[in-house]
Amino acid sequence: MATTELGAALRHWRDQVSPEAAGLRAGGRRRAAGLRREELSQLAGISVDYLTRLEQGRATKPSAQVVEALARALRLGSDSRAHLFQLAGLAVPGARIVPAYIPPSVHRMLDRLTGTPVAVFDAAWTQLLANPLYTALMGDWRGDDLNAVWRNFVGAGTRVRHTPESLGALRAAQVADLRRTAARYPDDKRLHQLIARLRDNSPEFGALWESGAVGRHESARKTIDHPQVGAITLDCDVLVVAGEDLRIMVYTAEPGSEDAERLALLAVIGTQDLTAQRP
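In this report, we go over the structure that sits alongside the text. (Residues numbered from 1 in each chain as written. Predicted model: local features only at pLDDT ≥ 70, side-chain atom pairs only at ≥ 80, totals over all residues. Heavy atoms only, no water.)

## So, the pairing of strand 1 (residues 118-121)
Of the two faces of strand 1, both are covered, the one formed by Val118 and Val120 as well as the one formed by Ala119 and Phe121. Sheet topology note: the strand 1/strand 5 (residues 246-252) ladder contains four bridges and is antiparallel. Counterpart to Phe121 in the pairing with strand 5 is Arg247. (Buried < 20%, exposed > 50% of the residue type's maximum accessible area, 1.4 Å probe, protein only. Helix = DSSP H or I, 4+ residues; strand = E, 2+ residues; numbered from the N terminus. Pairing = 2+ DSSP bridges.)

## Comments concerning the packing of helix 9 (residues 164-184) against helix 11 (residues 203-211)
Between helix 9 and helix 11, the least distance of the axes is 10 Å, while the angle of their chain directions is 60 degrees. One way to sum up the angle between helix 9 and helix 11 is to call them oblique. Of the two elements, helix 9 crosses helix 11, and the hand of that crossing is right-handed. Touching Arg171, Ala172, Val175, Leu178, Arg179 and Ala182 of helix 9 are Glu204, Phe205, Leu208 and Trp209, all from helix 11. (Axes fitted to C-alpha atoms, helices over the stretch in contact; angles between N-to-C directions. Parallel < 35°, antiparallel > 145°, perpendicular 65-115°, else oblique. Left-handed = near helix turned anticlockwise from the far one by under 90°. Contact = heavy atoms within 4.5 Å.)

## What to know about helix 5 (residues 78-87)
Listing the buried residues of helix 5 in full gives Arg81, Leu84, Phe85 and Leu87. One side of helix 5 holds all its buried residues, which, seen down the axis, span an arc of 165 degrees. Gly89 occupies a position one or two residues after helix 5 and carries a positive phi of about 75 degrees. (Arc of directions from axis to C-beta.)

## Re the packing of helix 9 against helix 10 (residues 189-201)
In contact at an axis separation of 10 Å, helix 9 and helix 10 are set at 145 degrees when each is read in the N-to-C sense. Note on packing geometry: the crossing formed by helix 9 with helix 10 is left-handed. Contacts from Leu178, Thr181 and Ala182 of helix 9 reach helix 10 at Leu191, His192, Ile195 and Leu198. Each residue belonging to the contact of helix 9 with helix 10 can be placed in one class, and the counts come to five nonpolar, two polar and no charged. (Nonpolar A, V, L, I, M, F, W, Y, C, P; charged D, E, K, R; others polar.)

## Re the sheet that holds strand 3 (residues 220-226)
Read from one edge to the other, the open sheet built from five strands follows the order 2-1-5-4-3, with strand pairing classed as antiparallel. What marks the edges here is a single partner per strand, and that holds for strand 2 (127-130) and strand 3. Adjacent strand axes in the sheet meet at a mean angle of 30 degrees when their direction is disregarded.

## Remarks on the packing of aromatic side chains
The full count for this structure, using the stated rule, is four aromatic pairs. Relative to Trp125, the ring of Phe121 has its centre 5.4 Å away and its plane inclined at 50 degrees; by these criteria the two rings are tilted. Taken individually, Phe121 and Trp125 each receive the classification buried, so the pair is uniform in this respect. Between the aromatic rings of Phe205 and Trp209, the centroid separation amounts to 5.7 Å while the plane-to-plane angle is 20 degrees, which identifies the pairing as stacked. Of this pair, Phe205 and Trp209 both sit in helix 11, four residues apart, roughly one helical turn. Residue class for Trp209 comes out buried when judged on its relative accessible area of 16%. Counting every residue linked through ring pairs, the aromatic cluster contains Phe153, Phe205 and Trp209. The ring of Trp141 has Arg151 lying over it, and the distance from NZ or CZ to the ring centre is 4.2 Å. We note Arg179 situated over the ring of Trp209; from NZ or CZ to the ring centre the distance is 5.1 Å. (Phe/Tyr/Trp six-rings, centres within 6.5 Å; stacked < 30°, edge-to-face > 60°. Lys NZ or Arg CZ within 6 Å of the ring centre and 35° of its normal.)

As structure tokens, this is what we get:
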């Protein structure tokens, strides 16, 4: 399809999505009700310049990852998402590729959990979406560190407090879960590249992969050492979206506890800091 059709469709969908519908605060006076380019680029994780070139027809071959990110940011339904892939000259990812589509119902659920840290991960434990409170609690991950397995073996680590035993159990569970995912999605090149890079960069990952370690990422009680509000102990539950193979990670505090008070404080100061840092 002509790239000008892709650009026109992106502009149309961007004009139809309000900041509130995309989980953003509108703030200030606006010339139009829809998303600004800066806002869509922020939500999709691409540069404003690249989005501008796509909309103006000067960029001709967006990757499947960029198209998926734009569909997710625009909260497109399944038919509109398929149309966006078609306009970009790409096939919709098949059943043998790790799903990265977040249905509108999951977006709506996250919109209603503003006082709860929530993030959505794909079956390879790559973060697809996080609400502001989750980002304030756990950090604003970028690049390779968006993948929780990479982060725990090679990358920056996390704010979650671990003993050597608990970290070892988590890593074994992540490797086992990733192995099941690799078997379920044999055509996913990005997944197999991730596994190869983990084996090259982490002898521990390689040993666990070869050993056939078994385990599953389960709900747990975790202590997060936060640089602003101190230690917060929360219950972490992992929910699975039926039919989509997504993992929703939810952190909650015991009502009336000191941890609940610290989480409420973080909801104020942490999200303010994030708003100040972003365009």
